[in-house]
Amino acid sequence: MRKNFGAKTWLFPMPVLIVGSYDENLVPNAMNAAWGGIYDTNLVMVCLADDHKTTDNIKRTGAFTVSFATAGTVVPCDYVGIVSANDVPDKFERAGFHATRSAFVDAPLIDELPMAVECRLRGFNEDGICIGEIVNISADEAILDENGRIDAKRLDPIIYDSVSHAYWSIGEKVGQAFSDGKTIK
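Just so we're clear, the structure is a prediction, and the values are computed from it rather than from any experiment.

**Observations regarding the sheet that holds strand β6 (residues 63-68)**
In space, the seven strands of this open sheet follow the order β3-β2-β6-β9-β10-β5-β4, with antiparallel pairing throughout. Edge strands, defined here as strands with exactly one partner in the open sheet, are β3 (28-33) and β4 (36-40). When the angles between neighbouring strand axes are averaged without regard to direction, this sheet yields 35°. Strand direction decides the pairing type here: strand β2 (residues 17-22) and β3, joined by six bridges, are antiparallel. Pairing of Tyr22 across the sheet is with Pro28, part of β3. Against the sheet, helix α1 (residues 53-61) makes contact with β2, β3, β6, β9 (115-124) and β10 (129-139), and its axis sits at roughly 55° relative to β2, the strand it touches most. Packed on one face of the sheet, helix α2 (residues 74-82) meets β2 and β3 and runs near 90° to β3.

What follows is the structure in structure tokens.
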């Protein structure tokens with residue numbers, strides 16, 4: 001038997017995405033955006049309200065980065081989601097983050113977060129969805145496997161559970177995409 005919950009914003013898994021941008025004084029900023037993902041083949045999307053400092057920064061610079069929160073960075077990643085740079089201008093520094101300027105877009109790479117999607121702003125739609133064109137993906141060598149590919153286990157990204165408002169680690173590999181289903185005849 002199933003229990004009905006009605007219309008909810010529950011979707012699993014929800015990546016915990018940290019959006020990086022620069023303000024008008026080149027001060028790095030980061031915010032936690034739990035609602036985001038792939039928009040199209042070479043595009044990402046994140047839901048950003050108009051009143052976020054990040055939204056202003058992105059509209060001004062035309063660029064942003066999207067990094068993945070990790071199990072080892074839960075506290076600072078949560079902090080940048082509950083504190084506004086409109087109220088705490090040095091929240092990036094308070095979180096313990098350090099920035100390296102992207103060579104591809106006018107936005108910061110967050111040194112403590114080992115994987116980033118570097119984006120050029122494509123636009124905001126009428127619902128406030130920020131759409132970015134993927135210009136580059138960068139990863140710290142520490143999370144690469146022996147073939148030079150990003151290893152999800154080494155990255156150790158977290159997901160957001162919107163039902164219980166908790167962060168979870170992903171866990172173990174359970175199958176191979178575009179392959180395991182071929183066993184059904």
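Once you've had a look at it, read on.
**Here's the deal with the state of the cysteines**
One pass over the full model with this rule turns up zero disulfides. Looking at the unpaired Cys119, the closest cysteine sulfur is the one in Cys130, lying at 8.0 Å. Cys130 sits in the buried class, given a relative accessible area of 0%.

**Examining the side chain of Ser67**
Position of Ser67 relative to the elements: it lies in strand β6. For Ser67, a relative accessible area of 0% translates into the label buried. Those residues in contact with Ser67 that lie beyond four places of it in its chain are Val16, Leu17, Ile18, Leu113, Met115 and Ala116.

**So, α1**
All of the buried residues along α1 are Lys53, Thr54, Thr55, Asn57, Ile58 and Thr61. The inward-facing, buried residues of α1 contact β2, β3, β6, β9 and β10.

**Quick notes on the sheet that holds strand β1 (residues 14-15)**
Taking strand neighbours across the sheet as the criterion, the three strands line up as β1-β11-β12 in an open arrangement whose pairing is antiparallel. Of all the strands in the sheet, the pair left with one neighbour each is β1 and β12 (166-169). Note: β1 against strand β11 (residues 158-161), two bridges, orientation antiparallel. Bridging across to β11, Met14 finds its partner in Tyr160.

**A closer look at the pattern of salt bridges**
This structure, assessed with the given rule, holds nine salt bridges. With a shortest N-O distance of 3.4 Å, Glu24 and Lys53 are connected by a salt bridge. Highlighted residues: Glu24 in the loop between β2 and β3 and Lys53 in helix α1, separated in sequence by 29 residues. When its relative accessible area of 47% is taken as the criterion, Glu24 is described as partly exposed.

**Notes on α2**
When we look at burial in α2, the residues that qualify are Pro76, Cys77 and Val80. In an axial view of α2, the angular spread of the buried residues amounts to 100°, which keeps them on one side of the axis. Projecting away from the buried face of α2 at angles above 90 degrees are the exposed residues Val75 and Ile82. On its buried face, α2 is in contact with β2, β3 and α3 (91-94).

Criteria and thresholds
Residues numbered from 1 in each chain as written. Predicted model: local features only at pLDDT ≥ 70, side-chain atom pairs only at ≥ 80, totals over all residues. Heavy atoms only, no water. Pairing = 2+ DSSP bridges. Helix = DSSP H or I, 4+ residues; strand = E, 2+ residues; numbered from the N terminus. Axes fitted to C-alpha atoms, helices over the stretch in contact; angles between N-to-C directions. Contact = heavy atoms within 4.5 Å. Disulfide = S-S within 2.5 Å. Buried < 20%, exposed > 50% of the residue type's maximum accessible area, 1.4 Å probe, protein only. Salt bridge = Lys/Arg side-chain N within 4 Å of Asp/Glu carboxyl O. Arc of directions from axis to C-beta.

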